[in-house]
Amino acid sequence: TDLNLQEIHDFMIEVAQQAADRITSATPTTGAAGNKKNSVDLVTETDQAVEKLISTALSTKYPSFSFMGEETYKPGDKLTDAPTFILDPIDGTTNFVHRHPTVAISLGLSLSRKPTIGIILNPFTSTLYSAITGQGSFLNRTTRLPLTPPTPLTTLNTCLVAVEWGSNRSGNDFAVASRTFAKLAAAKEDGGAMVHGIRSFGSAALNLCAVACGWVDVYWEAGCWAWDVCAGWVILEEAGGIVADANPGNWSPRIEERRYLAVRGGSGQKDIVEELWALVEGRFEVG
Ligand code: IPD
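Residues numbered from 1 in each chain as written. Predicted model: local features only at pLDDT ≥ 70, side-chain atom pairs only at ≥ 80, totals over all residues.

(A) Representation of the domain arrangement of the protein in the model. According to the domain assignment, the protein consists of domain 1 (5-144) and domain 2 (156-277). On a C-alpha basis, the centres of domain 1 and domain 2 stand 21 Å from each other. Contact with domain 1, which involves 36 residues of that partner, is made by 25 residues of domain 2. Sorting the residues of the side of domain 1 that touches domain 2 by element identifies strand 1 (66-69), strand 2 (84-91), helix 3 (93-97), strand 3 (104-111), strand 4 (114-122) and strand 5 (127-132) as the ones contributing at least two each. (Domains from an automatic or database assignment. Contact = placed C-beta atoms within 7 Å. Helix = DSSP H or I, 4+ residues; strand = E, 2+ residues; numbered from the N terminus.)

The following block contains the structure:
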């Protein structure tokens, strides 16, 4: 490719930073925007305004690139091989509505449908995660991820695991997720714990960053979208992590697949994936 990835990356950061105080200064209102499909799939006017701001800036500078954004996506829209900016203007909208500061602008670039640049900015804490394929991933542009050299992954019972309930609270996929959550939370037959702990930060993008940092070992979710994971995917992979499918059996899901199992860097990744897959009862239909 003859694209200047570094220049695009720097511009993506600039644009995200310009949008940041639009989020921190906002009073979250769902008024005109409301619920997308149910009472827990929230969208605020700020989500829409930030998407507009960022997409306008991107298309002015890179008019030939495609764009996919959470707030303008229409069912049936397909990711193509063209360079595509993939944006979640506010990942963690429910947190944002509650003024919980675990919120991020998640902006990725895909080339040939592969996540290639990732920018994740928490505007409340001014924390920036960024990566370009092949060039490592960074916290605040200077600190390389993971934050400490990765220890080997041994078994799930030494892992801190992130999961999310998402906005889907009924049906097959809810049942598959809840059964697995219960198994992860329960004791093992020998009385030991199945995992060290379970976390739900409320932002897929920041969950992926936590795994990239190394302070969460595993993140498992079905139901999120390309814009929730595109940027985090690059950041995680560049930190030595891997992304497999939340459904057992598929080691290399596509970005549009909507089912993800992320594991931090370190030896033993495949064993952890297989141990978790063995717990999943049923199959997710999403994707
Ligand atoms: C959601 C968040 C949440 C995850 C959902 C996502 P949004 O994104 O990342 O943590 O569980 O699957 O859709 O709606 O806040 O942009």
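Okay, back to it.
(B) Quick peek at the environment of S39. Its location among the elements puts S39 in the loop between helix 1 (5-24) and helix 2 (45-61). Spatially, the C-alpha atom of S39 lies 8.5 Å from that of S167, the residues being 128 residues apart in sequence.

(C) The arrangement of the nonpolar core in detail. Grouped together as the largest cluster of nonpolar side chains are 76 residues, with contacts concentrated most on L208, C209, A212, I235 and A262. Structurally, this core is a two-domain feature, drawing no fewer than three residues from each of domain 1 (5-144) and domain 2 (156-277). Residues contacting I235, with those up to four places away along its chain left out, are G118, I120, Y129, A131, S137, L208, C209 and A212. (Core = buried A, V, L, I, M, F, W, Y, C linked by C-beta atoms within 7 Å. Buried ≥ 20, exposed ≤ 12 C-beta atoms within 10 Å, placed from the backbone.)

(D) Quick peek at the site of the ligand. Surrounding the ligand, one finds 14 residues, the nearest of these being T93, E164, G166, A204 and C224. When the residues that make up the shell around the ligand are grouped by side-chain class, the tally is two nonpolar, six polar and six charged. Taken domain by domain, the makeup of the shell around the ligand includes at least three residues from each of domain 1 (5-144) and domain 2 (156-277). (Near = placed C-beta within 6 Å. Nonpolar A, V, L, I, M, F, W, Y, C, P; charged D, E, K, R; others polar.)

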